[in-house]
Amino acid sequence: MDAGTADRYAQFARAYDALATEFDLTAVPHTLSPGIETCESLLEIHAAALDGVLNSAGLGVETVHEDGSPLARLLRQDRGHWRRLAKADGNGDLKSAYLDAISTVITLCRPASAEQAASLRDRLDNFVGDDRYSVDDYLAWLGRLYPGHYPLSAVQPAALGEELVAATLVDQPAIAVTLAATCNDEQITSALTVLGRAYCRRAGLGVVIVDLLRVDLERFVPIALDVASRVERPEEFSRLIATALSDSRISPESIFELM
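These remarks concern the structure in this document. (Residues numbered from 1 in each chain as written. Predicted model: local features only at pLDDT ≥ 70, side-chain atom pairs only at ≥ 80, totals over all residues. Heavy atoms only, no water.)

**So, the packing of aromatic side chains**
Evaluated as defined, the whole model comprises 4 aromatic pairs. Aromatic side chains W82 and Y146 sit 6.3 Å apart centroid to centroid with 85° between the ring planes, which places their arrangement in the edge-to-face category. Taken together, the residues W82 in helix α3 (residues 70-88) and Y146 in the loop between α6 (135-145) and α7 (158-171) connect sequence positions 64 residues apart. Accessibility classification places W82 together with Y146 in one group, the buried group. Plain terms: the ring middles of Y133 and Y138 are 6.2 Å apart, the flat faces sit at 75° to each other, and that makes the pair edge-to-face. Taken individually, Y133 and Y138 each receive the classification buried, so the pair is uniform in this respect. These aromatic residues form a ring-pair network of at least three members: Y98, Y133 and Y138. (Phe/Tyr/Trp six-rings, centres within 6.5 Å; stacked < 30°, edge-to-face > 60°. Helix = DSSP H or I, 4+ residues; strand = E, 2+ residues; numbered from the N terminus. Buried < 20%, exposed > 50% of the residue type's maximum accessible area, 1.4 Å probe, protein only.)

See below:
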(Lines give C-alpha, C1' and ligand atoms only; values in the text may rest on other atoms or scores of the structure.)
Protein backbone atom coordinates (compact mmCIF):
# COMPACT_ATOMS: atom_id res chain seq x y z
CA MET A 1 0.00 0.00 0.00
CA ASP A 2 1.22 3.50 -0.84
CA ALA A 3 1.93 5.47 2.33
CA GLY A 4 0.08 8.55 1.03
CA THR A 5 -3.05 9.65 2.86
CA ALA A 6 -5.10 9.78 -0.34
CA ASP A 7 -4.36 6.12 -0.96
CA ARG A 8 -5.53 5.26 2.54
CA TYR A 9 -8.86 6.98 1.85
CA ALA A 10 -9.26 5.09 -1.42
CA GLN A 11 -8.44 1.77 0.23
CA PHE A 12 -10.96 2.48 2.99
CA ALA A 13 -13.71 3.36 0.50
CA ARG A 14 -13.14 0.18 -1.55
CA ALA A 15 -13.04 -2.02 1.57
CA TYR A 16 -16.17 -0.39 3.03
CA ASP A 17 -18.22 -0.95 -0.13
CA ALA A 18 -16.94 -4.52 -0.60
CA LEU A 19 -17.69 -5.50 3.01
CA ALA A 20 -21.18 -4.04 2.93
CA THR A 21 -21.89 -6.03 -0.25
CA GLU A 22 -20.27 -9.25 1.04
CA PHE A 23 -22.30 -9.25 4.27
CA ASP A 24 -25.46 -8.03 2.52
CA LEU A 25 -25.78 -5.22 5.03
CA THR A 26 -27.77 -2.07 4.42
CA ALA A 27 -24.98 0.34 5.28
CA VAL A 28 -25.22 4.04 4.70
CA PRO A 29 -22.70 5.50 2.22
CA HIS A 30 -19.30 5.40 3.85
CA THR A 31 -17.93 8.23 5.91
CA LEU A 32 -14.28 8.28 6.86
CA SER A 33 -13.44 6.36 9.99
CA PRO A 34 -11.40 8.12 12.72
CA GLY A 35 -7.67 7.57 12.57
CA ILE A 36 -7.38 6.49 8.93
CA GLU A 37 -4.33 8.71 8.47
CA THR A 38 -2.46 6.74 11.18
CA CYS A 39 -3.13 3.29 9.69
CA GLU A 40 0.09 1.51 8.78
CA SER A 41 -1.32 -1.57 7.03
CA LEU A 42 -4.18 -2.72 4.84
CA LEU A 43 -5.39 -4.85 7.75
CA GLU A 44 -5.91 -1.76 9.91
CA ILE A 45 -7.77 0.00 7.09
CA HIS A 46 -9.97 -3.06 6.57
CA ALA A 47 -10.64 -3.19 10.32
CA ALA A 48 -11.72 0.45 10.22
CA ALA A 49 -13.97 -0.27 7.25
CA LEU A 50 -15.63 -3.26 8.93
CA ASP A 51 -16.16 -1.22 12.10
CA GLY A 52 -17.79 1.50 10.02
CA VAL A 53 -20.04 -0.90 8.10
CA LEU A 54 -21.28 -2.59 11.28
CA ASN A 55 -22.06 0.74 12.92
CA SER A 56 -23.80 2.22 9.91
CA ALA A 57 -25.92 -0.94 9.58
CA GLY A 58 -26.98 -0.63 13.23
CA LEU A 59 -25.04 -3.70 14.35
CA GLY A 60 -22.21 -1.93 16.13
CA VAL A 61 -21.49 -1.51 19.81
CA GLU A 62 -22.13 1.58 21.88
CA THR A 63 -21.06 5.04 20.74
CA VAL A 64 -17.54 4.64 22.16
CA HIS A 65 -16.65 2.78 18.96
CA GLU A 66 -14.86 5.87 17.66
CA ASP A 67 -12.23 5.69 20.41
CA GLY A 68 -8.93 3.90 19.88
CA SER A 69 -7.20 2.30 16.92
CA PRO A 70 -9.18 0.47 14.20
CA LEU A 71 -8.12 -2.89 15.67
CA ALA A 72 -9.18 -1.81 19.16
CA ARG A 73 -12.56 -0.72 17.80
CA LEU A 74 -12.97 -4.00 15.91
CA LEU A 75 -12.13 -5.92 19.09
CA ARG A 76 -14.94 -4.05 20.86
CA GLN A 77 -17.25 -5.11 18.03
CA ASP A 78 -16.15 -8.71 18.59
CA ARG A 79 -16.85 -8.50 22.31
CA GLY A 80 -20.24 -6.95 21.63
CA HIS A 81 -21.01 -9.91 19.34
CA TRP A 82 -20.02 -12.30 22.17
CA ARG A 83 -22.49 -10.64 24.53
CA ARG A 84 -25.35 -10.60 22.01
CA LEU A 85 -24.95 -14.29 21.14
CA ALA A 86 -24.65 -15.34 24.77
CA LYS A 87 -27.76 -13.40 25.74
CA ALA A 88 -29.73 -14.81 22.78
CA ASP A 89 -28.79 -18.36 23.84
CA GLY A 90 -29.76 -17.79 27.46
CA ASN A 91 -26.11 -17.70 28.56
CA GLY A 92 -25.95 -14.02 29.34
CA ASP A 93 -24.17 -14.75 32.61
CA LEU A 94 -21.10 -16.16 30.88
CA LYS A 95 -18.37 -13.94 32.29
CA SER A 96 -16.60 -11.92 29.61
CA ALA A 97 -13.46 -11.72 31.77
CA TYR A 98 -13.11 -15.51 31.58
CA LEU A 99 -13.80 -15.53 27.85
CA ASP A 100 -11.07 -12.92 27.49
CA ALA A 101 -8.68 -14.87 29.73
CA ILE A 102 -9.12 -18.19 27.93
CA SER A 103 -8.94 -16.71 24.42
CA THR A 104 -5.88 -14.70 25.47
CA VAL A 105 -4.04 -17.77 26.78
CA ILE A 106 -4.92 -19.72 23.64
CA THR A 107 -3.75 -16.85 21.44
CA LEU A 108 -0.51 -16.56 23.40
CA CYS A 109 0.26 -20.30 23.21
CA ARG A 110 -1.17 -20.85 19.69
CA PRO A 111 -1.53 -24.67 19.70
CA ALA A 112 -0.62 -26.03 16.26
CA SER A 113 -1.45 -29.71 16.77
CA ALA A 114 -3.96 -31.89 18.59
CA GLU A 115 -1.25 -32.77 21.13
CA GLN A 116 -0.44 -29.10 21.81
CA ALA A 117 -4.15 -28.30 22.15
CA ALA A 118 -4.61 -31.13 24.66
CA SER A 119 -1.56 -29.99 26.63
CA LEU A 120 -2.90 -26.45 26.84
CA ARG A 121 -6.42 -27.60 27.76
CA ASP A 122 -4.98 -29.31 30.84
CA ARG A 123 -3.75 -25.92 32.07
CA LEU A 124 -6.81 -23.77 31.41
CA ASP A 125 -8.53 -24.58 34.70
CA ASN A 126 -5.97 -22.28 36.32
CA PHE A 127 -7.53 -19.29 34.55
CA VAL A 128 -11.24 -19.82 35.30
CA GLY A 129 -12.99 -19.72 38.66
CA ASP A 130 -16.64 -19.79 37.56
CA ASP A 131 -18.91 -21.84 39.83
CA ARG A 132 -21.63 -22.24 37.20
CA TYR A 133 -19.79 -22.79 33.92
CA SER A 134 -16.82 -25.10 33.36
CA VAL A 135 -13.79 -24.41 31.20
CA ASP A 136 -15.27 -26.75 28.59
CA ASP A 137 -18.47 -24.66 28.53
CA TYR A 138 -16.37 -21.59 27.77
CA LEU A 139 -14.35 -23.49 25.17
CA ALA A 140 -17.54 -24.67 23.44
CA TRP A 141 -18.68 -21.06 23.29
CA LEU A 142 -15.34 -19.81 21.97
CA GLY A 143 -15.36 -22.59 19.38
CA ARG A 144 -18.47 -21.00 17.90
CA LEU A 145 -16.84 -17.59 17.84
CA TYR A 146 -13.42 -18.68 16.58
CA PRO A 147 -13.73 -22.03 14.78
CA GLY A 148 -10.50 -23.77 13.80
CA HIS A 149 -8.77 -27.10 13.27
CA TYR A 150 -8.65 -27.79 17.02
CA PRO A 151 -11.01 -27.07 19.92
CA LEU A 152 -8.55 -24.38 21.00
CA SER A 153 -8.03 -21.81 18.24
CA ALA A 154 -6.10 -18.56 18.49
CA VAL A 155 -7.86 -15.34 17.54
CA GLN A 156 -7.14 -14.48 13.92
CA PRO A 157 -5.80 -12.50 12.17
CA ALA A 158 -2.68 -12.35 14.32
CA ALA A 159 -2.82 -8.56 14.73
CA LEU A 160 -6.35 -8.74 16.15
CA GLY A 161 -5.21 -11.53 18.48
CA GLU A 162 -2.34 -9.35 19.67
CA GLU A 163 -4.80 -6.52 20.32
CA LEU A 164 -6.92 -8.90 22.42
CA VAL A 165 -3.83 -10.06 24.34
CA ALA A 166 -2.76 -6.49 25.05
CA ALA A 167 -6.21 -5.30 26.13
CA THR A 168 -6.79 -8.33 28.37
CA LEU A 169 -3.39 -8.38 30.07
CA VAL A 170 -3.51 -4.67 30.87
CA ASP A 171 -6.75 -5.41 32.78
CA GLN A 172 -5.74 -8.89 34.06
CA PRO A 173 -1.93 -8.91 34.37
CA ALA A 174 -1.98 -11.93 36.70
CA ILE A 175 -2.79 -14.11 33.67
CA ALA A 176 0.83 -13.83 32.49
CA VAL A 177 2.23 -14.87 35.87
CA THR A 178 -0.14 -17.84 36.08
CA LEU A 179 0.80 -18.84 32.55
CA ALA A 180 4.50 -18.63 33.42
CA ALA A 181 4.00 -20.86 36.44
CA THR A 182 2.01 -23.55 34.63
CA CYS A 183 3.04 -23.74 30.96
CA ASN A 184 5.91 -25.56 29.28
CA ASP A 185 8.85 -24.01 27.41
CA GLU A 186 7.22 -24.36 24.00
CA GLN A 187 4.15 -22.48 25.21
CA ILE A 188 6.27 -19.82 26.91
CA THR A 189 8.26 -19.30 23.70
CA SER A 190 5.04 -18.73 21.77
CA ALA A 191 3.65 -16.45 24.49
CA LEU A 192 6.78 -14.27 24.61
CA THR A 193 6.80 -14.00 20.82
CA VAL A 194 3.18 -12.80 20.75
CA LEU A 195 3.85 -10.43 23.65
CA GLY A 196 6.96 -9.06 21.95
CA ARG A 197 4.93 -8.23 18.85
CA ALA A 198 2.04 -6.76 20.81
CA TYR A 199 4.42 -4.65 22.92
CA CYS A 200 5.28 -2.63 19.82
CA ARG A 201 1.73 -1.23 19.91
CA ARG A 202 0.99 -1.29 23.65
CA ALA A 203 3.89 -0.16 25.81
CA GLY A 204 1.90 -1.00 28.95
CA LEU A 205 2.68 -4.66 28.28
CA GLY A 206 6.29 -4.06 29.36
CA VAL A 207 5.43 -4.56 33.03
CA VAL A 208 3.53 -7.77 32.16
CA ILE A 209 6.52 -9.18 30.24
CA VAL A 210 8.95 -8.33 33.05
CA ASP A 211 6.70 -9.96 35.67
CA LEU A 212 6.41 -13.09 33.52
CA LEU A 213 10.19 -13.37 33.16
CA ARG A 214 10.74 -12.91 36.88
CA VAL A 215 8.69 -16.02 37.67
CA ASP A 216 11.70 -18.11 36.64
CA LEU A 217 14.60 -16.04 35.31
CA GLU A 218 17.02 -18.92 34.75
CA ARG A 219 14.44 -20.75 32.67
CA PHE A 220 12.87 -17.84 30.81
CA VAL A 221 15.75 -15.46 30.04
CA PRO A 222 17.40 -17.78 27.47
CA ILE A 223 13.99 -18.20 25.80
CA ALA A 224 13.43 -14.43 25.82
CA LEU A 225 16.87 -13.74 24.34
CA ASP A 226 16.05 -16.05 21.44
CA VAL A 227 12.65 -14.39 20.98
CA ALA A 228 14.26 -10.91 21.01
CA SER A 229 15.99 -11.65 17.72
CA ARG A 230 12.64 -12.30 16.04
CA VAL A 231 10.48 -9.37 17.15
CA GLU A 232 10.08 -6.04 15.39
CA ARG A 233 11.96 -4.01 18.02
CA PRO A 234 14.62 -6.30 19.51
CA GLU A 235 16.40 -3.50 21.38
CA GLU A 236 13.29 -2.51 23.32
CA PHE A 237 12.47 -6.14 24.08
CA SER A 238 16.03 -6.72 25.25
CA ARG A 239 15.71 -3.78 27.64
CA LEU A 240 12.74 -5.54 29.23
CA ILE A 241 14.93 -8.60 29.77
CA ALA A 242 17.55 -6.39 31.43
CA THR A 243 14.86 -4.86 33.64
CA ALA A 244 13.73 -8.33 34.70
CA LEU A 245 17.31 -9.23 35.62
CA SER A 246 17.90 -6.04 37.58
CA ASP A 247 16.73 -5.79 41.18
CA SER A 248 16.31 -9.57 41.35
CA ARG A 249 17.68 -12.18 43.70
CA ILE A 250 19.65 -13.97 41.00
CA SER A 251 23.40 -13.82 41.57
CA PRO A 252 25.76 -11.89 39.24
CA GLU A 253 27.42 -15.20 38.36
CA SER A 254 24.12 -16.65 37.23
CA ILE A 255 23.35 -13.54 35.18
CA PHE A 256 26.68 -13.89 33.44
CA GLU A 257 26.00 -17.55 32.67
CA LEU A 258 22.56 -16.70 31.27
CA MET A 259 23.91 -13.95 29.02
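**Some words on empty space enclosed by the protein**
All chains considered together, the criterion is met by 2 cavities of 30 Å³ or more. Space inside the largest cavity adds up to approximately 60 Å³. S103, I106, L139, L142, G143, Y146, P151, L152 and S153 are the residues that line the largest cavity. Looking at the lining of the largest cavity, the elements with two or more residues in it are α4 (96-109) and α6. Among the elements that make up the lining of the largest cavity, the one with the highest residue count is α6 (3 residues). Per-class residue counts for the lining of the largest cavity are 6 nonpolar, 3 polar and no charged. Size it by volume and the second largest cavity reaches roughly 30 Å³. Looking at the second largest cavity, the residues that line it are G196, Y199, C200, V231, R233, E236 and F237. Those elements giving two or more residues to the lining of the second largest cavity turn out to be α9 (185-199) and α12 (234-245). The residue inventory of the lining of the second largest cavity, partitioned by class, reads 4 nonpolar, 1 polar and 2 charged. (1 Å grid on protein atoms, 1.4 Å probe; cavity = no way out; pocket = protein on both sides within 12 Å on 5 of 7 lines; lining within 4 Å. Points joined across faces, edges and corners; volume = space filled by probe spheres on them. Nonpolar A, V, L, I, M, F, W, Y, C, P; charged D, E, K, R; others polar.)

**Description of α7**
Along its 14 residues, α7 runs 20 Å from first to last C-alpha, staying within 8% of the 20 Å computed at 1.5 Å per residue. Of all 14 residues that make up α7, 11 are buried, and the element is covered over most of its length. Those residues of α7 lying buried are A159, L160, G161, E162, E163, L164, V165, A166, A167, T168 and L169. Tucked inside the fold, the buried residues of α7 contact α2 (42-56), α3, α4, α8 (174-182), α9 and α10 (205-214). (Expected span 1.5 Å × (residues − 1). Contact = heavy atoms within 4.5 Å.)

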